[in-house]
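Here's the letter readout for the chains.
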Amino acid sequence: MSSTTAETGPSPTPSRARAGKSPVAPALRRKHRRELRVALAFLSPWLIGFAIFFAYPLISTVYFSFMHYDGYNPPNFVGTKNWTYILTENPYFWTAMRNTLWLVVVMVTLRVIFGLGIGTLITKIKTGAGFFRTAFYLPYLAPPVAATIGFAFLLNPGTGPVNHLLGELGLPQPGWFNDPNWSKPSLVLLALWGIGDLMVIFMAALLDVPTEQYEAASLDGAGPFQRFRYVTLPNIMPIIMFAVVTGVIQTLQYYTQAMVAGQVASGTLSGSGQNYFPGYPGGSTWTVPQLVYNLGFQSNDDIGAACVVSLVLFVLAMAFTSLLMRRRAGLMGDD
Amino acid sequence: MSIAQPARRGRRTAAALAVAASLALTAAACTGQPNSGAQGSTGSTDKPVTITFWHGWSQPNELAAINANIAGFEKLHPNIKVNAVKAVSADTITQGMRATGANAPDVVSDFSTTDVGKFCSTGAWIDLNPLMEKDKIDPKTVFSPAMLSYTQYKGDQCSLPLLGDAYGLYYNVDMFKAAGIASPPKTYSELAADAVKLTKGDGSQQLGYMPLWDYYEQNTGYVGGQYNPTYFTADGKANLAADPTWPALFAWQKDLVGKLGGYTHLEKLRTGYGDEFAANAFDKGKVAMQLDGEWRVANLQQDKVSFNWATAPFPVPDDQAASYGRGFQTGTVIGINRNSQKQAAAWEFVKYMTTNTGALVTFANAIDNVPSTIAALKSPDLKLPSTFQTFLNVAKNPNSVTQPATPDGDGYVTILQNLGLDLQSGKQTDVMAGLKKADTDVDNSLAQAATN
């Protein structure tokens, strides 16, 4: 109590004030330091993980982007040469960038719309909801490589059952994964088939919308579209933004399906004397992550250039996320 | 205070444990083992040396063959033990060469000859020339010129061939007879004429020859290689636009594509064919002639195809008819890791695997590959079918061709192939403009790889 009085009470004289403050302030600081140490200690597993698996790699990536580094010999400083090479000379960078951005715009948009649509339908139907929920969720559990091989088989232009059926119906038979104009739409189809993750998230969000808001809107004369526009959408907007942001980040890292589809559709396997070169057909499935891997670990062993592409990808992901979060703040009326 | 103390002590203890656990986890993740070995030693009776050998073979017959060779080596060199690691991919090899721990390989065999340029130029694999010189091995008399070419970069013989692949023409004898063709084509003009003659209707049932660049093994480098092009100038610059090969090759292919129904039609046929190894169009009797490697002999025998077939050297350009008999060559390469502490023992192993005639012949017989030394190619112990003789002859032919290694993983091969694909699809229509752009891209890629 005496210490509390000395801390908060008026100071009769300057000398007394100094005398009164002197023993208390260090004690408070010690307490704060102790608490900080304890907090840091408890946070240390995360802090160490963050430092090792995020901060250090990021700093290293920036460092190596200015180095010629093949992984066998010590790095040499080359200034902005790697950046110039990637942005102005590499014949694959802009192709990969265009393909990746195409996938980000088309695939993410369609996945969100499709996921929301399926989620809405399943929450509305009265009978068989369990069956449809399972049927739409199961494909999401399929391993990406197996699913892609399966799709490549089904969509084989010459021998696949899909084109056979289209032919029987007198409809055009696309080249799917073998046609540069159809390869990316085919990848989008594959992504829509595995919509289970978004469907479940949207279903949870839709079921969480207060029913009284729908009742009030109905009483005010709102039709189904107006109820969706003015009740459902505002309520699930955070979930939509979550789906878009995570979708953009995932699609910027799109690698496995594009690589497997290209390799299977090309009909060739990497064998003696040659490696499979990504992007079949005609560079249409080249994505930025494939370029990173190809530069750093396959043909070139050019880790410096691979780091440049990685940083471009990182900046792009940050820019997309930041833009979407700002947009979300506007939509939600957040500060 | 007396109550608060134990609680604080408890929190401190918990915090300390958390820190300790984090550090322990981190340390465990980063801990490596010290490298110990007998650098330069080939071992002794009481202290044998164990070397680690990475290879890509994975099929049971391949593993049996490579393990038999390893056993033969160990019998000959009882002081050297070989720890073989199977089914190692090219990407893993790259990572292995970057590693320096005790588990890094001492000897590596790689299916990708495109890796030779980078492993030589970076020094990841040691130059074997001094070792061969010391052991009085003259590579020029032991190995074929093409095989020596694809295993070195600018004189640095950082790898040696460990069996090889040779390419030739497979043709359906029954279809030839039915079309009234007596012998396989020897020039590109004959190939085109026979392709048209052998095509029935629109080619859906029977196509004479599939000329597209992305049809199985066929690509610009292998077919263009028959011209024996000069890929680079003396000062190392790309020479694609200046070499007459590429305009001639692309014109020949465009003409043939037109005669066989055009790109769109052929592309539809090509994409309708099955996988190269599971349902090859030649094996299925859909294509009458095909460029392929020597391994298809075994594939055709295993598939027990219902038609008669034969092999011949792949045709050559009309103005180089005298060079008929040559073919494209590539193959598996083997080298020694610069970081190996057991290079002397590793060299003994590489020497045995690449120059021992008995070992090479046994291995070639077992996995249906082309032996990689001149002596093994001539060995009477080779027990390969008569249709295989074409590929042995290609390998022996001093005019056979390959592609030079470059430090960017043979980036020019891919750039050239992509140009061929763009030209055949009509995405690129100006051949010379495409070749000049390809030259620029190749030079940029090489300059980037050479930045030091």
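The model shown is predicted, which means the values in this text are computed figures rather than measured ones. (Residues numbered from 1 in each chain as written. Chains lettered and ligands numbered in written order. Predicted model: local features only at pLDDT ≥ 70, side-chain atom pairs only at ≥ 80, totals over all residues.)

Visitor: Please explain the overall build of chain B as it appears in this structure.
Guide: Counting its secondary structure elements, chain B contains 19 helices and eight strands. Each principal axis of the C-alpha distribution contributes one length, and for chain B these read about 105 × 60 × 50 Å. Counting over 452 residues, chain B shows a buried share of 50%. Restricting the contact set of chain B to residue pairs at least 6 apart, pairs at least 24 apart contribute 75%. (Helix = DSSP H or I, 4+ residues; strand = E, 2+ residues; numbered from the N terminus. Buried ≥ 20, exposed ≤ 12 C-beta atoms within 10 Å, placed from the backbone. Contact = placed C-beta atoms within 7 Å.)

Visitor: Sorry if this is basic, but what is going on with the overall build of chain A here?
Guide: When helices and strands are tallied, chain A shows 14 helices and two strands. Counting across all 335 residues of chain A, residues that qualify as buried make up 33%. By sequence separation, contacts in chain A at least 24 residues apart represent 67% of the contacts at least 6 residues apart.

Visitor: Sorry if this is basic, but what is going on with the packing of helix α4 (residues 93-124) of chain A against helix α8 (residues 183-193) of chain A here?
Guide: In a pair of packed helices, the angle between the axes and the distance between the axes together describe the arrangement. Residues and elements named next belong to chain A. α8 packs onto α4 with a crossing angle of 35 degrees between their chain directions and a minimal axis gap of 10 Å. Judged by the sense of rotation from one axis to the other, the crossing of α4 with α8 is right-handed. Contacts between α4 and α8 involve Asn-99, Trp-102, Leu-103, Val-106, Met-107, Leu-110, Arg-111 and Phe-114 from the former and Lys-184, Leu-187, Val-188, Ala-191 and Leu-192 from the latter. Each residue belonging to the contact of α4 with α8 can be placed in one class, and the counts come to 10 nonpolar, one polar and two charged. (Axes fitted to C-alpha atoms, helices over the stretch in contact; angles between N-to-C directions. Left-handed = near helix turned anticlockwise from the far one by under 90°. Nonpolar A, V, L, I, M, F, W, Y, C, P; charged D, E, K, R; others polar.)

Visitor: For this particular structure, what's the right way to read the environment of Met-353 of chain B?
Guide: All names here are of chain B. Checked against the element boundaries, Met-353 lands in helix α14 (residues 343-355). Owing to 26 C-beta atoms within 10 Å, Met-353 belongs among the buried residues under this scheme. In this structure the C-alpha to C-alpha distance between Met-353 and Ile-334, which are 19 residues apart in sequence, comes to 8.9 Å.

Visitor: Which parts of the structure should I look at to understand the interface of chain B and chain A?
Guide: Accessible area lost during the coming together of the parts is what is often quoted as the interface size. Taken together, the contact between chain B and chain A spans 49 residues of the former and 41 residues of the latter. When residues of the side of chain B that touches chain A are traced back to their parent elements, those giving at least two are α1 (4-30), α3 (90-98), α4 (116-122), α12 (263-272), β8 (329-336), α18 (411-425) and α19 (431-450) of chain B. Per-element accounting of the side of chain B that touches chain A gives the leading share, eight residues, to α1 of chain B. Along the lines of polarity and charge, the residues of the side of chain B that touches chain A split into 15 nonpolar, 22 polar and 12 charged.

Visitor: I tried to follow the confidence of the model for chain A on my own but got confused; where do I start?
Guide: Caution applies to low-pLDDT parts of the model: their predicted coordinates are not meant to be read in detail. All names here are of chain A. Scored by pLDDT, chain A has a mean of 88; 88% of the residues are at 70 or more. Per-element confidence in chain A ranges from a low mean pLDDT of 41 for helix α1 (residues 2-8) to a high of 97 for α8. Taken as a whole, residues 1-20 scores under 50 in pLDDT and shows seven contacts with residues more than four places along the chain or in a different chain. (pLDDT = per-residue confidence, 0-100.)

Visitor: Got a minute to help me understand helix α6 (residues 144-154) of chain A in this structure?
Guide: An α-helix turns once every 3.6 residues. As a result, residues three or four positions apart point the same way. All names here are of chain A. What α6 keeps buried is the set Ala-147, Thr-148, Phe-151 and Ala-152. What you see down the axis of α6 is that its buried residues fit within an arc of 135 degrees, all on one side. Of the surrounding elements, those touching the buried residues of α6 are α8 and α12 (256-266). (Arc of directions from axis to C-beta.)

Visitor: Sorry, what's going on with the pairing of strand β2 (residues 80-85) of chain B here?
Guide: The side chains of a regular strand alternate between both faces of the sheet. Relative to β2 of chain B, strand β1 (residues 49-54) of chain B runs parallel, the two being bridged by six bridges. Note on β2 of chain B: the bridge partner recorded for Thr-50 of chain B is Lys-81 of chain B. (Pairing = 2+ DSSP bridges.)

Visitor: In this structure, what is going on with unusual backbone geometry? I would like to understand it.
Guide: Both trends apply: most residues other than glycine have a negative phi, and most peptide bonds are in trans. In this model, Tyr-280 of chain A is joined to Pro-281 of chain A through a cis peptide bond whose omega is 0 degrees. Assignment of secondary structure puts Pro-281 of chain A in the loop between α12 and α13 (288-297).

Visitor: Sorry, what's going on with the packing of α4 of chain A against helix α11 (residues 224-252) of chain A here?
Guide: Residues and elements named next belong to chain A. Where α4 contacts α11, the two axes come as close as 9 Å, and the packing angle between them is 145 degrees. α11 is crossed by α4, and the crossing has right-handed handedness. Taking contact as the criterion, the partners of Thr-100, Leu-103, Val-104, Met-107, Val-108, Arg-111, Val-112 and Gly-115 in α4 are, on α11, Ile-240, Ala-243, Val-244, Gly-247, Val-248, Thr-251 and Leu-252. Along the lines of polarity and charge, the residues of the contact of α4 with α11 split into 10 nonpolar, four polar and one charged.

Visitor: Can you help me understand the nonpolar core in this one?
Guide: Residues Ile-51, Val-107, Phe-349 and Val-350 of chain B are the most contacted members of the largest nonpolar core, which totals 115 residues. Here the element with the most residues in this core is strand β4 (residues 159-172) of chain B; it accounts for eight residues. If we skip the residues at most four places from it in the chain, Val-107 of chain B touches Ile-51, Phe-53, Ile-334, Ile-336, Ala-346, Phe-349 and Val-350 of chain B. Grouped together as the second largest cluster of nonpolar side chains are 43 residues, Tyr-69, Leu-190, Tyr-254 and Ala-258 of chain A included. (Core = buried A, V, L, I, M, F, W, Y, C linked by C-beta atoms within 7 Å.)

Visitor: Could you clarify how one ought to interpret the pairing of strand β6 (residues 287-293) of chain B in this entry?
Guide: Residue and element names in this part refer to chain B. Extensive coverage of β6 is indicated by the burial of seven of its seven residues. Sheet topology note: the β4/β6 ladder contains five bridges and is antiparallel. Following the sheet pairing, Tyr-167 is matched in β6 by Gly-293. Pairing geometry for strand β5 (residues 207-209) and β6, over two bridges, is parallel. When the sheet's bridge partners are listed, Tyr-209 is paired in β6 with Met-289.

Visitor: Could you clarify how one ought to interpret helix α9 (residues 188-198) of chain B in this entry?
Guide: All names here are of chain B. Among the residues of α9, Tyr-188, Leu-191, Ala-192, Asp-194, Ala-195 and Leu-198 are the ones counted as buried. Along the axis of α9, the buried residues cluster in a sector spanning 165 degrees; they form a single face. Where α9 is buried, its residues touch α8 (173-178), β5, α11 (245-259) and β6.

Visitor: Got a minute to help me understand the environment of Gly-201 of chain B in this structure?
Guide: With respect to the secondary-structure elements, Gly-201 of chain B resides in the loop between α9 and β5. When the C-alpha positions of Gly-201 of chain B and Pro-78 of chain B are compared, they lie 65 Å apart, and in sequence the two are 123 residues distant.

Visitor: Whenever I open this one, the environment of Gly-296 of chain A confuses me. Can you help?
Guide: All names here are of chain A. Structurally, Gly-296 is set in helix α13. Once the C-alpha coordinates of Gly-296 and Phe-42 are considered, the two residues, 254 residues apart in sequence, prove to be 37 Å apart. Those residues in contact with Gly-296 that sit more than four places away from it in its chain are Asp-302, Ile-303 and Ala-306.

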